[in-house]
Amino acid sequence: MNQYLIETFQWNDGANRKVLEKIRQLPDKNESIKFFSHLINSMNKWMARLKSDANLQQMDWWIPAYPLDELEPRWNECLLNWISFLESKTEEELLEPARFTGLDGGQWEAKPKDIALQLNYHSIHHRAQIQTMIRQQGLQPDFVDYIGTVYRKIS
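Bear in mind the structure is a predicted one, so any value in this text is a computation, not a measurement.

Colleague: Give me the lowdown on the environment of Lys34, citing residues and values where you can.
Modeller: Relative to the helices and strands, Lys34 is located in helix α2 (residues 30–50). When its relative accessible area of 34% is taken as the criterion, Lys34 is described as partly exposed. With 69 residues separating them along the chain, Lys34 and Leu103 place their C-alpha atoms 21 Å apart.

Colleague: Account for the pattern of salt bridges, naming residues and giving values.
Modeller: In the structure shown here, the tally under the stated rule is 7 salt bridges. One salt bridge in this structure joins Arg17 and Asp13, with 2.8 Å as the shortest N-O distance. Placement of the pair is Arg17 and Asp13 together in helix α1 (residues 2–25), with a separation of 4 residues, close to one helical turn. The exposure class of Asp13 is buried, given its relative accessible area of 13%. Overlapping salt bridges bring together Asp13, Arg17, Glu21, Arg24 and Glu72 as one network.

Colleague: Quick rundown of the environment of Lys111? Include the residues and the values.
Modeller: As for its placement among the helices and strands, Lys111 is situated in the loop between β2 (107–110) and α5 (112–136). Judged by relative accessible area, which is 32%, Lys111 ranks as partly exposed.

Colleague: How would you sum up the environment of His38? Please name residues and give values.
Modeller: Relative to the assigned elements, His38 resides in helix α2. The contacts of His38, once residues within four sequence positions are left out, are Trp61, Trp62, His122 and His126. Here the side chain of His38 touches Trp61 through a polar contact of 2.8 Å, landing on its backbone oxygen.

Colleague: Talk me through α2; I want residue IDs and the actual numbers.
Modeller: Counted at 1.5 Å a residue, the expected span for α2 with its 21 residues is 30 Å, and the 30 Å between its end C-alpha atoms agrees. Summarising burial for α2: 17 of the 21 residues are buried, a large majority. Backbone geometry just after α2 places Ser52 at a positive phi near 50 degrees.

Colleague: Explain the side chain of Asn12 to me, using residue names and the numbers behind them.
Modeller: With respect to the secondary-structure elements, Asn12 resides in helix α1. There is a polar contact of 2.7 Å between the side chain of Asn12 and the side chain of Arg127. In this structure, Asn12 is in contact with Asn120, Ser123, Ile124 and Arg127, ignoring residues within four places of it in sequence.

Colleague: How would you sum up the packing of aromatic side chains? Please name residues and give values.
Modeller: For the structure on display, the rule yields 7 aromatic pairs. For the ring pair Phe9 and Trp82, a centre distance of 5.7 Å and an interplane angle of 20 degrees mean the geometry is stacked. Of the two residues, Phe9 sits in helix α1 while Trp82 sits in helix α3 (residues 68–88), which places them 73 residues apart along the sequence. Both residues of the pair, Phe9 and Trp82, belong to the buried class. Taken together, a centroid distance of 5.0 Å and an interplanar angle of 70 degrees make the contact between Trp46 and Phe100 edge-to-face. Residue Trp46 is located in helix α2, and its partner Phe100 is located in strand β1 (residues 98–101); the two are separated by 54 residues in the primary sequence. Taken as a pair, Trp46 and Phe100 share a single burial class, namely buried. Lying over the aromatic face of Trp46, Arg49 brings its terminal NZ or CZ to 4.5 Å of the ring centre.

The rules behind the values
- Residues numbered from 1 in each chain as written.
- Predicted model: local features only at pLDDT ≥ 70, side-chain atom pairs only at ≥ 80, totals over all residues.
- Heavy atoms only, no water.
- Helix = DSSP H or I, 4+ residues; strand = E, 2+ residues; numbered from the N terminus.
- Buried < 20%, exposed > 50% of the residue type's maximum accessible area, 1.4 Å probe, protein only.
- Salt bridge = Lys/Arg side-chain N within 4 Å of Asp/Glu carboxyl O.
- Contact = heavy atoms within 4.5 Å.
- Polar contact = N/O pair within 3.5 Å; in protein donor to acceptor, adjacent residues only side chain to side chain.
- Expected span 1.5 Å × (residues − 1).
- Phe/Tyr/Trp six-rings, centres within 6.5 Å; stacked < 30°, edge-to-face > 60°.
- Lys NZ or Arg CZ within 6 Å of the ring centre and 35° of its normal.

This is the structure in C-alpha cells:
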C-alpha cells in the first residue's frame, strides 16, 4: 500500500506540474491559482491533522491563494512531506485509524491510507476544473490521464 500511495502522489505530481505550466500561460490566472493553492492547502491541512499540529485551527482549505511564483515550491514541499510521511509508515500504520479534530471541533478518525487516497482523488477533481479554465481561455490542456503514463504502443 505504501508504494501504491507514493506512486499515486508521484503521478498526480507529474499531472499537476503540466497544469501549472499552463497556468503560467493563462491571460487570467486568478481562479486557477486559487484552485492550485487549494490543493496545497488541503495537503498541508490534512498533514497537520495527522500530526496534531497546534496551528491546525488557523489553517484554511482555500486561504491563502499563493502568488504564482510560490506555487511550485509550496507544491514541492507539501508533496515531499506526504511522500516522507508514507515512507515512514508501515502497512499496518496506514490502515490504523488516526484521530484528528474536525471542522466542528469534534474528534474524528480516518485511516491515513484513506486520507492519502482522498488527497489524490481531490487533486484529480480540481485539476479537471483547472483544465476547463485553461480550455476556456483558449489554450489546449495537456493530456494528463493516468493511462497516458502507463500505456505503450506495441505495433
